[in-house]
Each structure stands twice: as structure tokens, then as C-alpha cells.
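Chain by chain, the residues:
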Amino acid sequence: QVQLVESGGGLVQPGGSLRLSCAASGSIFYIYAMGWYRQAPGKQRELVAGITSGDTTNYADSVKGRFTISRDNAKNTVYLEMNSLKPEDTAVYYCNAEVVVVIASAPRDYWGQGTQVTVSS
């Protein structure tokens, strides 16, 4: 089985920064795309940023210019650098990965348990 473990969440003041990490482990042959999603209370889960195995990235309009997604393929880890944080960034952030477990098989979608990010003074 594949597990995604997130870390780096916490409480930060407006304008501050946080760095989230997500490490995938278990039976992994290859990981295609990885991404970060978030869900605020009363709202639907939304894509924050995604990155392909070739380092092509995409971002939600609300975080462009403030957040940066990156990955270390050797460590099966994806990062999210969050700068100039705003109260509206407060949410549970979830890591996602498309993982090929067995060679030549179709990738499966895996999710982390989520990490809380709270932006407040």
C-alpha cells in the first residue's frame, strides 16, 4: 500500500510563510503528478497547485505569485512554499499523488490525511 505523510502545517501570522512537505512511501514504481489541495470549513476542496514528473506546474489563481510547488523525485516528496499568507488561506491542506504501483499498470490516486494551516494574528 502507498502512504502519503504531510508535515509543516501550523499557525502563522498574515504575511508570514510556511513550507509544507509530503513524502510518499510504500509500494511505488513511479509517480506521475503530485499536488496540493485545500478545504476550508463550509467550502469544497480545491486544487492549490500541481506538478508533473517533468516539473510542469499549475496554480490556482488565488495563490499565483505567492505559492511555489516543487518535488524531489528521488525522495518521492512534494513541497509547497507558501509566502505572503492571508487569512483566506486558512484550510486543511491535502497532498495528492498519482502512483504506479506495478510496472505498466494504470496509476492510482492517493491522498494524505491533511495538515492544518491557520493564518491569523
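As the structure is a computational prediction, the values presented were derived from the model and not from experiment.

(A) Structural context of the overall build of the protein. Across its full length, the protein holds zero helices and 11 strands. Sequence-ordered secondary structure for the protein, helices as α and strands as β, is β-β-β-β-β-β-β-β-β-β-β. In summary, the protein has a C-alpha radius of gyration of 14 Å against a globular reference of 14 Å for 121 residues, a match within 12%. Taking the principal axes of its C-alpha atoms as reference, the protein extends roughly 50 × 25 × 25 Å. Counting every position in the protein, which comprises 121 residues, the buried fraction comes to 40%. A sequence separation of at least 24 residues applies to 55% of the contacts in the protein between residues at least 6 apart. Accessible surface, the protein: about 6,400 Å² in total, of which carbon and sulfur atoms supply 49%. Charged side chains in the protein number 10 positive and 10 negative. The centres of these two groups are separated by 1 Å.

(B) Expanded view of unusual backbone geometry. Unlike most non-glycine residues, Ser84 shows phi in positive territory, near 50°. Mapping Ser84 onto the fold places it in the loop between β8 (77–82) and β9 (91–100). Given a relative accessible area of 40%, Ser84 falls into the partly exposed group. Located in the positive-phi region is Ala104, a residue other than glycine, with phi close to 70°. On the secondary structure map, Ala104 appears in the loop between β9 and β10 (108–111). On the basis of relative accessibility, which here comes to 79%, the residue Ala104 falls in the exposed class.

(C) Expanded view of the side chain of Asn96. Mapped onto the elements, Asn96 comes out in strand β9. Classification of Asn96 by relative accessible area gives buried; the value is 6%. In this structure the side chain of Asn96 is engaged in a polar contact, spanning 2.8 Å, whose partner is the side chain of Asp109. Among residues more than four places away in sequence, those in contact with Asn96 are Leu4, Ala33, Met34, Gly35, Tyr37, Asp109, Tyr110 and Trp111.

(D) Structural detail: the nonpolar core. Residues Trp36, Val48, Phe67, Val78, Leu80, Met82 and Tyr93 are the most contacted members of the largest nonpolar core, which totals 30 residues. Those elements giving two or more residues to this core turn out to be β1 (2–7), β3 (18–26), β4 (30–39), β5 (46–51), β7 (67–72), β8, β9 and β11 (115–119). For this core, the element with the highest residue contribution is β9, accounting for five residues.

(E) Region of the structure containing the environment of Gly15. Assignment of secondary structure puts Gly15 in the loop between β2 (10–12) and β3. Take Gly15: its relative accessible area is 53%, and that puts it in the exposed class. Put simply, Gly15 and Lys75 are 60 residues apart on the chain and 30 Å apart in space, counted from C-alpha to C-alpha. Apart from residues no more than four positions distant in its own chain, Gly15 is found in contact with Ser84 and Leu85.

About the thresholds
Residues numbered from 1 in each chain as written. Predicted model: local features only at pLDDT ≥ 70, side-chain atom pairs only at ≥ 80, totals over all residues. Heavy atoms only, no water. Helix = DSSP H or I, 4+ residues; strand = E, 2+ residues; numbered from the N terminus. Rg over C-alpha atoms; globule rule 2.2 N^0.38 Å. Buried < 20%, exposed > 50% of the residue type's maximum accessible area, 1.4 Å probe, protein only. Contact = heavy atoms within 4.5 Å. Areas by Shrake-Rupley, 256 points an atom, 1.4 Å probe, with all protein chains shown as cover. Lys, Arg positive; Asp, Glu negative; His and termini not counted. Charge placed at Lys NZ, Arg CZ, Asp CG, Glu CD. Polar contact = N/O pair within 3.5 Å; in protein donor to acceptor, adjacent residues only side chain to side chain. Core = buried A, V, L, I, M, F, W, Y, C linked by side-chain atoms within 4.5 Å.

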